[in-house]
Amino acid sequence: KEYRRQRQMCIRDRKTKAFETKDALDLYKKIIYTEGKAGRRMDKKQIEEMIDLAIRQLDYSYAPYSHFHVGAALLAKNGNVYGGCNIENAGYTPSNCAERTAFFKAVSEGVLEFDAICVVGGMNKELKEYAAPCGVCRQVMMEFCDPEEFQIILATGKEQYEIFTLKELLPLGFGPNNLKLDR
């Protein structure tokens, strides 16, 4: 809590704050946060960096059965970006989507708060249409994200993308708030 308070004070003092992040290839880069009246919003440069990382994750995708490759870049509130790719299995059920791979990677490192995710995908790594998260991935997002604020970037490239909130893609979603007891 003390860290959050100090961070908020620092952000109030500056409109823009850069955080150093590490992508899946261990390359360092800067992510820029711009504070808006309604909270954090991403600028075009940051969106393009997330799209680039998601596209690079396609190279790690393991999809020998469907040949549908998916890459994801997950932005945590602490500024770190976690890459993910889909990993298929001959048994199908044990397969894992790119979005969940990124979330599980972050959660396994103790990170539980997120701002946005970028998802790209297509047959044989050809990005022709948006690859929206499946229902299971949307449910995982509900576990860790505010549906009103969490942003989902669907892209086919840096020049073609759309941004949705989790609530837009999962209206009436069931999450942790549904299980809170009122006393």
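Quick caveat: nothing in here was measured; it's all calculated off a predicted structure.

Considerations on a nonpolar patch on the surface
Taken together, the side chains of Tyr 62, Tyr 65, Ile 87 and Tyr 92 make up a nonpolar region of the molecular surface, amounting to roughly 440 Å² of accessible area. Within the element layout of this structure, Tyr 92 appears in the loop between β5 (81-85) and α3 (98-107).

Some points on the pattern of salt bridges
One pass over the structure, following the stated rule, counts six salt bridges. One salt bridge in this structure joins Lys 125 and Asp 59, with 4.0 Å as the shortest N-O distance. Taken together, the residues span a long stretch of sequence, with Lys 125 in the loop between β6 (114-123) and α4 (135-144) and Asp 59 in the loop between α2 (44-57) and β4 (68-76) at a distance of 66 residues. Since its relative accessible area comes to 35%, Lys 125 is described here as partly exposed.

Observations concerning the nonpolar core
Of all hydrophobic cores here, the largest spans 23 residues; its most connected members are Leu 74, Phe 103, Phe 114, Ile 117, Phe 150, Ile 152 and Leu 166. The set of elements that each furnish at least two residues to this core consists of β4, α3, β6, α4, β7 (151-157) and α5 (166-169).

Quick word on α4
Regarding α4, the residues found buried are Cys 137, Arg 138, Val 140, Met 141 and Met 142. Looking at the packing, one finds that the buried side of α4 touches α3, β6, β7 and α5.

Section: the environment of Lys 128
One can find Lys 128 in the loop between β6 and α4. A sequence separation of 27 residues divides Lys 128 from Ala 155, and the C-alpha atoms of the two residues are 9.3 Å apart.

Considering unusual backbone geometry
Positive phi, close to 60°, is recorded for His 67, a residue that is not glycine. Locating His 67 in the fold gives a position in the loop between α2 and β4. Overall, His 67 belongs to the partly exposed group, its relative accessible area being 37%. Here the phi dihedral of Tyr 92 falls at roughly 60°; this positive angle occurs in a residue that is not glycine.

With respect to the sheet that holds strand β8 (residues 160-165)
Taking strand neighbours across the sheet as the criterion, the five strands line up as β5-β4-β6-β7-β8 in an open arrangement whose pairing is mixed. Since the sheet does not close on itself, it has two edges, and those belong to β5 and β8, each with one partner. Averaged over all pairs of adjacent strands, the angle between their axes in this sheet comes to 20°, without regard to strand direction. Packing against the sheet, α3 makes contact with β4, β5 and β6, and its axis sits at approximately 140° to β5.

About the thresholds
Residues numbered from 1 in each chain as written. Predicted model: local features only at pLDDT ≥ 70, side-chain atom pairs only at ≥ 80, totals over all residues. Heavy atoms only, no water. Patch = residues over 30% accessible without salt bridge, like charges linked within 9 Å, V, L, I, M, F, W, Y side chains within 5 Å. Areas by Shrake-Rupley, 256 points an atom, 1.4 Å probe, with all protein chains shown as cover. Salt bridge = Lys/Arg side-chain N within 4 Å of Asp/Glu carboxyl O. Helix = DSSP H or I, 4+ residues; strand = E, 2+ residues; numbered from the N terminus. Buried < 20%, exposed > 50% of the residue type's maximum accessible area, 1.4 Å probe, protein only. Core = buried A, V, L, I, M, F, W, Y, C linked by side-chain atoms within 4.5 Å. Contact = heavy atoms within 4.5 Å. Pairing = 2+ DSSP bridges. Axes fitted to C-alpha atoms, helices over the stretch in contact; angles between N-to-C directions.

All quantities given are derived from atomic positions and should not be read as evidence of function.
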